[in-house]
Amino acid sequence: MAKSQFSALLCLSIVVGFGFLSGSWAKETVGIYELKKGNFSVKFTNWGATIMSLVVPDEHGKLADVVLGYDKVMGYKNDSVYFGAIVGRVANRIAGAQFTLDGKHYNLVANEGKNMLHGGSKGFSDVIWEVKKHSNKGPAPHIVFAYSSFDGEEGFPGNLSVTVSYTLPEDNQLDIIMKAKALNKATPVNLAQHTYWNLGGHDSGDVLSQVIQIFASHYTPVDGKLIPTGKVVSVKGTPYDFLEPHAINSKMDKLPNGYDINYALNGGLSHKMRTAAIVYDKKSGRKMELLTNQLGVQFYTGNYLNGVKGKHGAVYQAHAGLCFETQGFPDAVNHPNFPSQIVRPGHTYKHHMLFKFSTH
C-alpha cells in the first residue's frame, strides 16, 4: 500500500519540511548524517530515523554498501516499502485496524485493505524526527533521534515520547536502542527497524543463496492476509526451520512468494539479549549476527520489491534484500495469549538490537 506522498525541494541533501511536534506545527530540517569508525560507516536521515547505508569490508577488505535504499531523502519521502525506517507506533499488522484496551474500543487507520500495517498511512517511518545528539568523537560514535507521538495519531491512544539511538560501540558493530514512554494513557507499542540487507552489496542481485540461521524453534502462522492465527507452532518439518544454517532458497519452493513470518525466539519470555539470527554470504565472506532483547523476529525476503529504483542506479527486484525485524508478536493487541505489548504511563518500552559484522 503506497504511503502518503509529499512534495518538497531537495537541495544539497537538505530538505525543509513540516512535522507535527508537541501539539503544534513546527518547521524542521531533514538532513543526512553519518557515523564512522575506521572503514565502517553508516548514514542516516531523520526522515523516519532511517538507515540509508552501511558500508563494511568483505573478506578481502573491499568495501560495499549492504543496505538497500535511495540516494536522496526524497526517495524515502516517496517510499512504499519502508527502506531502513523505524516503523510504529505498532509494527507489522493489526487485524481489522482495531483493538480494545481497558474496555475501550479503538479504531485505527487502515492502510492495507481493512488492516493496519506498520503504524498506518503515516506511521513513524513518515515523520520528521528531531536529532537530539550526533557525535563522531570518542570511542562510540552515536546519533539519537526523538519523536513525540500525539494522542489519537493514526487512532492510537495517548501521548508517546520515543527515542532511537544508533551507536558504533566496537569495530564493525551497530547498536540500536529504541525507547518509548507512555505519558498519559496505556497504549500498544511495538517498534521495528526495517532495513533491507544484502551482504553481497545492495546492488548484487538477490539474497536467495545467502545462508541464514534463525534461533527459533517456533513461529506464529498467519492467514491469507498475513494476520497471525493466534497459534504458536513448531518449525519442525516446515519450510520455516532454520535452526541449522542453510540457504534461503533451499526450502522456499514450498512457499508462494517467499518468507514473511514472525518467529518466536528461543530463550523464553525474559527480555534478555539473545542471538536472533545469523546471515552469511559465501561470495563476499561477509557475516552478520543479530542479537536482541525482543521475543520475536520477522523474517522477510523482500517479496514485493518490483522494479524499485534505488541508489546509484540500482533497480531492486523481488528478494533483492532480506529483513530481520525484531519485535513483539504481531497483532498482540488482538491475541490475549501473545505476550502483551501494552505500555502504561510510568513504564518504558525498551527494544535493543546489536548487529555484529565479520568475515570468514
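Residues numbered from 1 in each chain as written. Predicted model: local features only at pLDDT ≥ 70, side-chain atom pairs only at ≥ 80, totals over all residues. Heavy atoms only, no water.

## Section: the sheet that holds strand 25 (residues 296–300)
Reading across the sheet, the 5 strands line up as 20-19-22-25-28 and stay open at both edges, with antiparallel pairing between neighbours. Edge strands, defined here as strands with exactly one partner in the open sheet, are strand 20 (233–234) and strand 28 (323–327). For strand 19 (residues 218–220) and strand 20, the ladder comprises 2 bridges, and the chain directions are antiparallel. What sits directly across from Tyr-219, in strand 20, is Val-233. (Pairing = 2+ DSSP bridges. Helix = DSSP H or I, 4+ residues; strand = E, 2+ residues; numbered from the N terminus.)

## Topic: the pairing of strand 4 (residues 40–45)
Most of strand 4 sits out of view: 5 of its 6 residues are buried. By the bridge criterion, 6 bridges tie strand 3 (residues 32–37) to strand 4 in an arrangement that is antiparallel. Each residue of the ladder has a partner; that of Tyr-33, found in strand 4, is Phe-44. The hairpin turn running from strand 3 into strand 4, its antiparallel successor, is 2 residues long, and Gly-38 in that turn takes a positive phi close to 65°. Here 5 bridges tie strand 4 to strand 5 (residues 50–57), and the two strands are oriented antiparallel to one another. (Buried < 20%, exposed > 50% of the residue type's maximum accessible area, 1.4 Å probe, protein only.)

## Notes on the nonpolar core
Counting 62 residues, the largest nonpolar core has Leu-54, Trp-129, Tyr-166, Ile-214, Tyr-263, Phe-299 and Phe-324 as its most contacted members. Broken down by element, the residue count for this core peaks at 5 residues, all from strand 15 (residues 173–182). If we skip the residues at most four places from it in the chain, Leu-54 touches Phe-40, Ser-41, Val-42, Ala-64, Asp-65, Val-66, Val-67, Leu-174, Trp-197 and Phe-357. (Core = buried A, V, L, I, M, F, W, Y, C linked by side-chain atoms within 4.5 Å. Contact = heavy atoms within 4.5 Å.)

## Side note on the UniProt feature "active site" (unreviewed entry) in the chain
The UniProt feature table records "active site" (unreviewed entry) at His-194 and Glu-325. A maximum C-alpha distance of 6.0 Å is found for the annotated residues, which run over 132 residues; spatially they form one tight group. Looking at where His-194 falls in the secondary structure, it is placed in strand 17 (residues 192–194). Not counting chain neighbours up to four residues away, the residues in contact with His-194 comprise Val-81, Tyr-82, Phe-83, Gly-84, Ala-85, Val-87, His-118, Cys-323 and Glu-325. Within the local environment of His-194, its side chain forms a polar contact with the backbone oxygen of Tyr-82, the two atoms lying 3.4 Å apart. In this fold, Glu-325 is placed in strand 28. (UniProt positions renumbered as here; feature names shortened; annotations may be inferred. Polar contact = N/O pair within 3.5 Å; in protein donor to acceptor, adjacent residues only side chain to side chain.)

## Remarks on the packing of aromatic side chains
For any two aromatic rings, the description comes down to two numbers: the centre-to-centre distance and the angle of the planes. Overall, the coordinates contain 25 aromatic pairs when judged by the stated rule. Look at Tyr-300 and Tyr-304: their rings are 6.4 Å apart centre to centre, the planes differ by 25°, and that puts the pair in the stacked class. Using a relative accessible area of 47% as the deciding quantity, one classes Tyr-304 as partly exposed. By way of ring pairs, the aromatic residues Tyr-70, Tyr-76, Phe-83, Tyr-196, Tyr-300, Tyr-304 and Tyr-316 are connected into one cluster. (Phe/Tyr/Trp six-rings, centres within 6.5 Å; stacked < 30°, edge-to-face > 60°.)

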